[in-house]
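These are the residues of each chain, in order.
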Amino acid sequence: MLAISGDSAEDSRTFAERYQLPFPLLGDADLAVSRALTGVTSDGNTLPGIVIVRGDRRIVERRLATAKDDRVSTAGLVEALDRALGTHGPAIADDQFGAIDRIQIRLDAGGGHAPGGPTGVASLTALAPLGRFVVVGPRASFDLRDAPVALGGELALRLPFANDIAALELGGIAEYAPIAPRGAIVGGTAVLWFAWSPEWSLELTLEVDREVGASRVTGAFGVARMFETPW
Amino acid sequence: MRSALLVVSSGCVTALHVTTPAPTAAEAPAFALPAQDGHRVALADELAHGPVVLVFYRGFW
């Protein structure tokens, strides 16, 4: 933990010695760091707040004073420390864990309604993040009734939540089934996933496809192995 | 921890007006600031040990 203010080193030294503070009090004389991370008040001082920074410098939590007499509360500080240390609630980043930064290899299985009746489906998808809000990657799917194998890809918009360990993805799918009945498959998916470790996540998928002139609606449950992106 | 709480619980903001727009940066700048004992503390060095909690406080009001 680092404490930051616009105070001079001499003032901070007196303060730290008086209260035997075990962490450094940093002097932000020109308020450049304050301006970048919390703000500056009308009397030319640091706007109080708590900012939690992950190992890759990404800001994962920012709590700022917003009103008169607002201040950093004891409870707020304890909660922030708990989260940073991973001792309570979903840890932000032990080992710089950031689920939305990782490639996911998903294996899903489920069932639904196809043109000829009930069917079972499975898919294998590799999705890589393009920034925070987009994922893209190749996909192979299997349909017991209509398309034994279809190959293609998926592109999805992603809305991360819960400290970036979960997300809702709304995507489009385009595939081609090379085995009879041959044809193109296009569709849309809604995926809700949750990562419970840096390596593994679970997802629920709802998918609506248009294949060979008819519609297919399926739901699936899946598990994903996550890997660090090489870039 | 108790001593840490003294820092923040002693803060009292009166007539607070924020003069800068709320920061929206997704990443913290790679700053290095002088500590009370004179040595410079770099954020990057602290992050090497794990996540860092930055507590911004007002010493005078």
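Residues numbered from 1 in each chain as written. Chains lettered and ligands numbered in written order. Predicted model: local features only at pLDDT ≥ 70, side-chain atom pairs only at ≥ 80, totals over all residues.

Draft legend 1. Quick look at the sheet that holds strand E3 (residues 49-53) of chain A. Taking strand neighbours across the sheet as the criterion, the five strands line up as E2(A)-E1(A)-E3(B)-E3(A)-E4(A) in an open arrangement whose pairing is mixed. What marks the edges here is a single partner per strand, and that holds for strand E2 (25-27) and strand E4 (59-64) of chain A. Adjacent strand axes in the sheet meet at a mean angle of 20 degrees, parallel and antiparallel pairs treated alike. As defined by bridge partners, E3(A) adjoins strand E3 (residues 52-56) of chain B across five bridges and the pair is classed as antiparallel. (Pairing = 2+ DSSP bridges. Helix = DSSP H or I, 4+ residues; strand = E, 2+ residues; numbered from the N terminus. Axes fitted to C-alpha atoms, helices over the stretch in contact; angles between N-to-C directions.)

Draft legend 2. Region of interest: the confidence of the model for chain A. With 90% of its residues at a pLDDT of 70 or more, chain A shows a mean pLDDT of 85. Within the model, the stretch residues 89-96 of chain A combines pLDDT values under 50 with 23 contacts to residues more than four positions away or in other chains. (pLDDT = per-residue confidence, 0-100. Contact = placed C-beta atoms within 7 Å.)

Draft legend 3. Expanded view of the sheet that holds strand E5 (residues 103-114) of chain A. All names here are of chain A. The strand order around the closed barrel formed by eight strands is E5-E6-E7-E8-E9-E10-E11-E12, and the pairing between neighbours is antiparallel. Strand after strand, the sheet turns through a mean of 25 degrees between neighbouring axes, direction not considered. Relative to strand E10 (residues 183-195), strand E9 (residues 166-177) runs antiparallel, the two being bridged by twelve bridges. In the strand pairing of E10, Gly 172 is matched with Gly 188.

Draft legend 4. Representation of helix H1 (residues 9-19) of chain A within the structure. Residue and element names in this part refer to chain A. Considered for burial, the residues of H1 that qualify are Ser 12, Phe 15 and Ala 16. Axial view of H1: buried residues confined to an arc of 95 degrees, hence all on one face. Exposed residues pointing more than 90 degrees away from the buried face of H1 are listed as Glu 10, Glu 17 and Arg 18. Immediately beyond the C-terminal end of H1, within one or two residues, lies Gln 20, with a positive phi of roughly 55 degrees. (Buried ≥ 20, exposed ≤ 12 C-beta atoms within 10 Å, placed from the backbone. Arc of directions from axis to C-beta.)

Draft legend 5. The confidence of the model for chain B, seen in detail. For chain B, per-residue confidence averages 71 on the pLDDT scale, and residues scoring 70 or more make up 57% of the total. Across the whole predicted complex the pTM is 0.50, and at the interface the ipTM reaches 0.71.

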